[in-house]
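# Overview (structure and organization)
The primary structure of each chain is shown beneath.
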Amino acid sequence: MSVKEKFASRRTYKVIGDISSPVNNQIAPEVIDGMLEACANAPFHYACDRLHRETLVSSVPWRAYKLNASSCNGLMSFLNDEGDKTKVPNMLAAADYLIQVTWLPDEGTILNRNAGKDEPAFVGTLRNMEHVAAASAFIQSLLIAGEEQGYMTYWSSGGALKSEQVFDYLEIPHSEILMGSVFFFSRDEQHPEIKPGSMKDARGLVEDWSRWC
Ligand SMILES: Cc1cc2nc3c(=O)[nH]c(=O)nc-3n(C[C@H](O)[C@H](O)[C@H](O)COP(=O)(O)O)c2cc1C
């Protein structure tokens, strides 16, 4: 498949699994790391703030927290114990793996990590905007890499996966903001339910969102 065809065939698949029988497919850590290494070729403009370089030391303005199927199962149980009644535990039950991708705001610019949809969560400096943009480019690379590996993928805003409780459970620093929970689901499993992205047919034609200058 050409790169163009991969972009065209990528779609969002929200796979709702059965929490009483979670999948347990094994994927070699080297396979995931090899994919992440390729995706880290995503462009980035500014080095992340020094405060983010203490444990994971890279200058890139994103971080990736990797969960294989058994870690997804552990997180699913944690959320169940917390009384989570959303579909997130079901998606964790269905996932072969999950990458929690955060972006790294500059020091002192987080306003409220738990802000609602239309509230400011961070100071909108140009640098922060470009950190977000770079982390997004990284995630799009993940989705295309997943497509190439034959997975159904889903970029989620996170729901409970961006909560303080989950950050603490996964030991993700509170100085980072979730950019996306990226799910990878096997096409070989018999999944009870699969939902498409709600905006999948809303793009329009090229001439609806571009013009020559
Ligand atoms: C930043 C971002 C966050 C998203 N978060 C969610 C989400 O929380 N829930 C959801 O159903 N889809 C989410 N999506 C996926 C979109 O719903 C999906 O891309 C859109 O419906 C278009 O469908 P397609 O990806 O199949 O073309 C998100 C996409 C992006 C880029």
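See the structure printed just above.
Quick look at the structure, then. (Residues numbered from 1 in each chain as written. Predicted model: local features only at pLDDT ≥ 70, side-chain atom pairs only at ≥ 80, totals over all residues.)

## A word on the overall build of the protein chain
When its secondary structure is counted, the protein chain shows seven helices and six strands. Overall, the protein chain shows an N-to-C arrangement of helices and strands of α-β-α-β-α-α-β-α-β-α-β-β-α. For 213 residues, the compact-globule estimate of 2.2 N^0.38 gives 17 Å, and the protein chain sits close to it at 17 Å. Residues counted as buried form 30% of the 213 residues belonging to the protein chain. Within the protein chain, residue pairs in contact and separated by at least 24 positions form 80% of the contacts whose partners lie at least 6 positions apart. (Helix = DSSP H or I, 4+ residues; strand = E, 2+ residues; numbered from the N terminus. Rg over C-alpha atoms; globule rule 2.2 N^0.38 Å. Buried ≥ 20, exposed ≤ 12 C-beta atoms within 10 Å, placed from the backbone. Contact = placed C-beta atoms within 7 Å.)

## Let's talk about the packing of helix 2 (residues 29–39) against helix 5 (residues 126–148)
The description of two packed helices rests on the angle between their axes and on the distance between the axes. Running from N to C, helix 2 and helix 5 point in directions that differ by 135 degrees, and their axes come no closer than 9 Å. Relative to helix 5, helix 2 is oriented oblique. In this structure, helix 2 crosses over helix 5, and the sense of that crossing is right-handed. Side by side, helix 2 and helix 5 meet where M35, A38 and C39 of the first sit next to F138, S141, L142 and A145 of the second. Across the contact of helix 2 with helix 5, the residue classes tally to six nonpolar, one polar and no charged. (Axes fitted to C-alpha atoms, helices over the stretch in contact; angles between N-to-C directions. Parallel < 35°, antiparallel > 145°, perpendicular 65-115°, else oblique. Left-handed = near helix turned anticlockwise from the far one by under 90°. Nonpolar A, V, L, I, M, F, W, Y, C, P; charged D, E, K, R; others polar.)

## A look at the site of the ligand
Around the ligand, the structure places R11, T12, K14, W155, S156, S157, G180, P196, G197, S198, M199 and K200. Split by residue class, the shell around the ligand holds three nonpolar, six polar and three charged. (Near = placed C-beta within 6 Å.)

## With respect to the sheet that holds strand 5 (residues 177–185)
With respect to topology, four strands assemble into an open sheet ordered 2-3-5-4, the strand pairing being antiparallel. Each end of this open sheet is capped by a strand with a single partner; those strands are strand 2 (62–68) and strand 4 (152–156). Direction aside, the axes of adjacent strands within the sheet are offset by 20 degrees on average. Pairing between strand 4 and strand 5: five bridges, direction antiparallel. Directly across from Y154, in strand 5, lies its bridge partner F183. (Pairing = 2+ DSSP bridges.)

## A short note on the environment of G146
Its location among the elements puts G146 in helix 5. Taking the C-alpha atoms as reference, G146 lies 9.0 Å from R10; in sequence the two are 136 residues apart. The contact partners of G146, leaving out residues within four places of it in the chain, are Y151, T153 and F184.

## Considering the nonpolar core
If you look at the biggest cluster of nonpolar residues, it comprises 45 residues, and the most contacted ones within it are W62, C72, L92, A95, L98 and V101. At seven residues, strand 5 tops the list of elements feeding residues into this core. (Core = buried A, V, L, I, M, F, W, Y, C linked by C-beta atoms within 7 Å.)

## Some points on unusual backbone geometry
A negative phi holds for most residues other than glycine; trans holds for most peptide bonds. Positive phi values are uncommon outside glycine, yet E171 reaches one of about 55 degrees. Of note, E171 is situated in the loop between helix 6 (164–170) and strand 5.

## Brief notes about the environment of H174
Structurally, the position occupied by H174 is in the loop between helix 6 and strand 5. C-beta crowding within 10 Å serves as the criterion here: with 10 such atoms nearby, H174 is assigned to the exposed category. H174 has contacts with R113 and F167, leaving out every residue within four places of it along the chain.

## Some thoughts on helix 3 (residues 69–81)
In this model, helix 3 (13 residues) spans 18 Å end to end at C-alpha, consistent with the 18 Å of a helix rising 1.5 Å per residue. Burial in helix 3 covers these residues: A69, C72, L75, M76 and L79. Angular distribution of buried residues about the axis of helix 3 spans 115 degrees; they occupy a single face of the element. Buried residues along helix 3 sit in contact with strand 2, helix 4 (88–94), strand 3 (95–103) and helix 6. (Expected span 1.5 Å × (residues − 1). Arc of directions from axis to C-beta.)

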